[in-house]
Amino acid sequence: MRQPTAVYQNILMDSLRWHEFPFRDGDIVISTPPKCGTTWTQMICALLIFGSTDFPRPLDEMSRWPDLLTSRYEDLVAELAAQPHRRFLKTHVPLDGLPLLDGVTYVCVGRDPRDAAISWDNHIENTNFEVLIGKRVAAVGTDGLAGPSPDGEPERPAGLPDRLDSAYDRFWAWVDNYDVLVGLPAMLHHLATFWEVRHLPNVLLWHYDEMKADLDGTMRQLAARIGVEVPEESWPELVRAARFDQMRSRSDELTPDSAIFLDPARFFNRGESGQWRELLDADDLRRYQGRVRELCDPALATWVHRGSIVDGATPA
């Protein structure tokens, strides 16, 4: 057992909510950087826990996000205490901000940060901040909010760059962002907290591309790790339901809190790897490589980028 050693807070998330969280044996914590397969991993957990493609409630009502400040903590804890099924929780808090308990399984997913940045850009473009901040205010009040911007628009979450005109400029703003939970430094730190303890029996660290390449194997690994037995004849249907195209077809029940999105179906935008190739040239990759060198252990950099960042060069 290890208590949290760091605190992560912005206007939408507060890791202090985890410090006294009433865990129970068997809980699963899905702790991923933003846009690295969080909902996908929640879906995999749901399919294994219920042993079916039919769920009793929408995914985000079953798999709650304790540190998100759009709900009252007391209400959320009471709701989770009433859940009769195996609990699987979501967070974007790194492992050093969570209690590390022997009876709890922790799952993290890494993704090429360049693809995560592009996916994040789509996510922000699709977010209705007026609704999102309204939910936050209704749940926990206005403490920590600076109020609307001078042009009357609702405040954007702390750490997000200004809405720059080009996707290219927004990419570099994400790379250089120093919010504790959003941007390249935050993402690489998050992965590092799992990388350091990936040998532990209750810690799983997956790569997004490896999940895509062997979804069946990924799901079987998690089932074995959490002690869930699935009849062999059920596997093809469960694996098929976890594919991106199948999840996108069920966006009405799988999109988390769809009211905060301008287009809920756009939450499942592309789910592809290598999208950054449409944006970055060789000089950009060398610039990006230098930034990664400043922030990341060489072995972790190689793993998360699936090899070299620039052709003929290594991330270290």
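Summarised in this report is the structure supplied together with it.

Rules of the game
Residues numbered from 1 in each chain as written. Predicted model: local features only at pLDDT ≥ 70, side-chain atom pairs only at ≥ 80, totals over all residues. Heavy atoms only, no water. Helix = DSSP H or I, 4+ residues; strand = E, 2+ residues; numbered from the N terminus. Expected span 1.5 Å × (residues − 1). Buried < 20%, exposed > 50% of the residue type's maximum accessible area, 1.4 Å probe, protein only. Pairing = 2+ DSSP bridges. Axes fitted to C-alpha atoms, helices over the stretch in contact; angles between N-to-C directions. Contact = heavy atoms within 4.5 Å. Phe/Tyr/Trp six-rings, centres within 6.5 Å; stacked < 30°, edge-to-face > 60°.

### What about helix H1 (residues 38-50)?
- In a regular helix each residue adds 1.5 Å, so 13 residues correspond to 18 Å; H1 covers 18 Å between its end C-alpha atoms and thus fits that length.
- For H1, a buried count of 12 out of 13 residues is recorded, marking the element as mostly surrounded by other parts of the structure.
- Taken together, the buried positions of H1 are occupied by Thr38, Thr39, Trp40, Thr41, Gln42, Met43, Ile44, Cys45, Ala46, Leu47, Leu48 and Ile49.
- Phi turns positive one or two residues past the end of H1, at Gly51, with a value near 60°.

### Looking at the sheet that holds strand S1 (residues 28-31)
- As summarised here, the arrangement of the four strands in space is S2-S1-S3-S4, forming an open sheet in which the pairing is parallel. Every other strand in the sheet has two partners, leaving strand S2 (88-91) and strand S4 (203-207) as the edge strands with one partner each. Geometrically, the sheet is characterised by an average inter-axis angle of 20° between neighbouring strands, direction not taken into account.
- Bridge analysis of S1 against strand S3 (residues 105-110) gives three bridges, and the strand direction is parallel. Looking at the pairing, Val29 lines up with Tyr106 of S3.
- Across the face of the sheet, H1 comes into contact with S1, S2, S3 and S4 while running at roughly 175° to S2.

### Concerning the packing of aromatic side chains
- Summed over the entire model, instances satisfying the criterion amount to nine aromatic pairs.
- Residues Trp18 and Phe21 carry aromatic rings whose centres are separated by 5.3 Å and whose planes lie at 55° to one another, so their mutual orientation is tilted. In terms of burial, Trp18 and Phe21 fall into one category: buried.
- Here the aromatic rings of Tyr168 and Trp172 are separated by 6.3 Å at their centres, their planes lie at 75°, and the arrangement is edge-to-face. With Tyr168 and Trp172 both in helix H6 (residues 167-175) and four residues apart, this pair spans about one turn of that helix.
- A relative accessible area of 5% means that Trp172 is categorised as buried.
- Cluster of aromatic residues (ring-pair linked, three or more members): Tyr168, Phe171, Trp172 and Tyr288.

Shape descriptors only; they carry no functional weight alone.
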